[in-house]
Amino acid sequence: MELAQYMLTGLLYVIIYGFSTFFIFQFLIEISIAFEKHCNRTTSIKPTVIKTETLTEKSKIWISTKNKHQVFTTKQMTVEQLRKKCSQAGIKWSYAIQESKTGKKRHLNREEMLIALSQIKQST
């Protein structure tokens, strides 16, 4: 009788802890799959610009994503300073580009403002 009770208690421990471990493992697998899908979704999307706009009224400056990494500056300027320089140069930086996927307009980022400013310097 005691042996049966020990065996039944042991069997219950194995069942309870085994299934709880199984459910925890299953939960961790689902979380890792969801995280992997999220990472693949966010890293595979690359912002592209379909519609380009004229940034100044004096001269036509077109921003493309191909020459985005060609601008190098020795002095790092803040975005506020770049926006001020763009405004002084007549470059439209606020809501200047319309995103192709969302259709919403967005501000120029740091690289695009540097490209626009360098193109104005080259044209003068």
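Procedures and definitions
- Residues numbered from 1 in each chain as written.
- Predicted model: local features only at pLDDT ≥ 70, side-chain atom pairs only at ≥ 80, totals over all residues.
- Heavy atoms only, no water.
- Helix = DSSP H or I, 4+ residues; strand = E, 2+ residues; numbered from the N terminus.
- Buried < 20%, exposed > 50% of the residue type's maximum accessible area, 1.4 Å probe, protein only.
- Areas by Shrake-Rupley, 256 points an atom, 1.4 Å probe, with all protein chains shown as cover.
- Salt bridge = Lys/Arg side-chain N within 4 Å of Asp/Glu carboxyl O.
- Core = buried A, V, L, I, M, F, W, Y, C linked by side-chain atoms within 4.5 Å.
- Expected span 1.5 Å × (residues − 1).
- Contact = heavy atoms within 4.5 Å.
- Polar contact = N/O pair within 3.5 Å; in protein donor to acceptor, adjacent residues only side chain to side chain.

Visitor: Help me out: how do you make sense of the overall build of the chain in this one?
Guide: Across its full length, the chain carries three helices and two strands. Its helices and strands taken in sequence order, the chain reads α-α-β-β-α from the N to the C terminus. When the 124 residues of the chain are sorted by exposure, 16% land in the buried category. Just so you have it, the chain exposes about 10200 Å², and 62% of that area is on carbon and sulfur atoms.

Visitor: Looking at this structure, I do not really get the pattern of salt bridges. What am I missing?
Guide: Two side chains that carry opposite charge are able to pair once their charged atoms sit near each other. On inspection of all chains with the given rule, the structure shows two salt bridges. The partner of Arg 106 in a salt bridge is Glu 99, and the shortest N-O contact between them spans 2.2 Å. Since its relative accessible area comes to 18%, Glu 99 is described here as buried. Between Glu 112 and Arg 106 there is a salt bridge, and its shortest N-O distance comes to 2.8 Å. Where salt bridges share partners, they join Glu 99, Arg 106 and Glu 112 into one cluster.

Visitor: Looking at this structure, how should I read the nonpolar core?
Guide: General note: in soluble globular proteins, nonpolar side chains tend to be found buried as a group. Among the nonpolar cores identified, the biggest contains twelve residues, and these are Met 77, Leu 82, Cys 86, Ile 91, Ala 96, Ile 97, Leu 108, Met 113, Leu 114, Ala 116, Leu 117 and Ile 120. For this core, the leading source of residues is helix α3 (residues 110–123), giving five residues.

Visitor: What am I meant to see in unusual backbone geometry here?
Guide: The phi angle of most residues is negative, glycine excepted, and most peptide bonds adopt the trans form. The backbone phi angle of Tyr 95 is positive, close to 50 degrees, even though this residue is not glycine. By secondary structure assignment, the location of Tyr 95 is in the loop between α2 (79–89) and β1 (97–98).

Visitor: What is the right way to look at the environment of Lys 105 in this model?
Guide: Within the secondary structure, Lys 105 sits in strand β2 (residues 105–106). Residue classification places Lys 105 among the partly exposed positions, given a relative accessible area of 40%. For the pair formed by Lys 105 and Tyr 95, sequence separation is ten residues and the distance between their alpha carbons is 5.0 Å.

Visitor: Help me understand α3 in this model?
Guide: Every α-helical turn comprises 3.6 residues, leaving residues that sit three or four positions apart pointing alike. Over its 14 residues, α3 runs 20 Å from end to end, which matches the ideal 20 Å to within 8%, given 1.5 Å per residue. All buried positions along α3 are accounted for by Glu 112, Met 113, Leu 114, Ile 115, Ala 116, Leu 117 and Ile 120. For α3, the secondary structure elements touched by its buried residues are α2, β1 and β2. Capping the start of α3, Asn 109 holds a side-chain oxygen 3.3 Å from the backbone nitrogen of Glu 111, two or three residues further along.

The values reported here are purely geometric and, on their own, carry no functional implication.
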